[in-house]
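Residue-level listing of the chains:
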Amino acid sequence: MTDAMVVVRSGPLSTVQDLGRRGVAHLGVPRAGALDGPALRAGNRLVGNEPGAAAVETTVGGIAVRALRPLVVAVTGAPSPVRVDGRPAAWGAPVLVPAGAVLDVGPATAGVRAYLAVAGGVAVPPVLGSRSADLLSGLGPAPLADGDRLPVGPRPPLGPSPELVPLPAPPAELVLRLRLGPRADWFTPDAAARLARAPYRVAAASNRIALRTEGPPLDRAREDELPSEGMVLGAVQVPPDGLPVVFLADHPTTGGYPVVGVVPPADLAAAAQARPGTPVRFTVLPRPRGR
């Protein structure tokens, strides 16, 4: 495997991500992986890769790379200007980058995270079955820096090119469904109703570990300590300040604050694209019958 591109401008935070590590939470290892899974899959589809091939996830500021051999790439996720050696190129479509040319993915015009998929996939060594960088545990490749060289796998056989890979626009309002439990009883009886009607916003401190919120705090009915217990993707943990925290891909596998509910994974791709200040609305799902 030979290096196929070199990072010219790494941006604020660019990492290698695939669909993450599965089945290792019992070892204390988070899932990691692309925060916007549909955008990663779309990019891989555009360049002919398998859905879970590794790509580069950028954060707000984009990235620039120089091709060391001819590459076919696609940029998806947060809408961003794309240029090859200074000339405009397509976003959301396959783009040929000649050897020696610089592909520049500019700052996102909306949303947060863009995905740079390349035919053959970014072929850094896998760790525990995934090539993803995990910012919490430090597993996988480090965040990209200027001068880093990235290997790319063999280009997949040419197949029919998709004419369109539809993706939703970044949310103007983030609507998160919430299934209450397992510790909803640690909060006052009106906490669920307040959560559903309160005007929350995405906080600037949000990252790959969690989406943090700003808004009215939830009141606890119990103030005693909760032993550390397992956490899942989408868990909404409430720390002492009372502000809900939605766990994302790099979340810890255990935690000692009560979880008021869990957001379904299907809603979390939109959370990956919600900028600070975006309104957040929780929609409490009805409890299953018999419970």
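Predicted, not measured: the structure shown is a model, and the values here were computed from it.

(A) The sheet that holds strand 9 (residues 102–105), seen in detail. In spatial order, the strands read 7-6-9-4-1-11; together these 6 strands make up an open sheet with antiparallel pairing. Looking along the sheet, the strands with just one partner apiece sit at the ends: strand 7 (87–89) and strand 11 (149–151). When the angles between neighbouring strand axes are averaged without regard to direction, this sheet yields 30°. Note that strand 6 (residues 82–84) and strand 9 share 3 bridges and pair antiparallel. The residue bridging V84 from the neighbouring strand is L103, located in strand 9.

(B) The side chain of T59, seen in detail. Among the secondary structure elements, T59 is positioned in the loop between strand 3 (55–57) and strand 4 (63–67). T59 sits in the buried class, given a relative accessible area of 15%. With residues up to four places along the chain from it excluded, the contact list for T59 reads P12, L13, V112 and R113.

(C) Quick look at the layout of surface pockets. Of the volumes computed, that of the largest pocket is approximately 310 Å³. In terms of lining residues, the largest pocket is bounded by 18 residues, among which A34, L35, G37, L233 and P265 are the most central. At the level of elements, helix 1 (37–47) and helix 3 (268–272) are the ones that each hand at least two residues to the lining of the largest pocket. Broken down by element, the lining of the largest pocket gets its largest block of residues, 3 residues, from helix 1. Its residues assigned to classes, the lining of the largest pocket comprises 12 nonpolar, 2 polar and 4 charged.

(D) Structural detail: the pattern of salt bridges. Counted by the stated rule, this structure contains 10 salt bridges. Across the pair R201 and E214 runs a salt bridge whose closest N-O atoms are separated by 3.4 Å. Note that R201 is positioned in strand 13 (residues 200–202) and E214 in strand 14 (residues 210–214), a separation of 13 residues in sequence. Of the residues examined, E214 reaches a relative accessible area of 32% and is grouped as partly exposed. Among the charged side chains, a salt-bridge network with shared partners connects E57, R208 and D250.

About the thresholds
Residues numbered from 1 in each chain as written. Predicted model: local features only at pLDDT ≥ 70, side-chain atom pairs only at ≥ 80, totals over all residues. Heavy atoms only, no water. Pairing = 2+ DSSP bridges. Helix = DSSP H or I, 4+ residues; strand = E, 2+ residues; numbered from the N terminus. Axes fitted to C-alpha atoms, helices over the stretch in contact; angles between N-to-C directions. Buried < 20%, exposed > 50% of the residue type's maximum accessible area, 1.4 Å probe, protein only. Contact = heavy atoms within 4.5 Å. 1 Å grid on protein atoms, 1.4 Å probe; cavity = no way out; pocket = protein on both sides within 12 Å on 5 of 7 lines; lining within 4 Å. Points joined across faces, edges and corners; volume = space filled by probe spheres on them. Nonpolar A, V, L, I, M, F, W, Y, C, P; charged D, E, K, R; others polar. Salt bridge = Lys/Arg side-chain N within 4 Å of Asp/Glu carboxyl O.

Shape is all these values report; function is a separate question.
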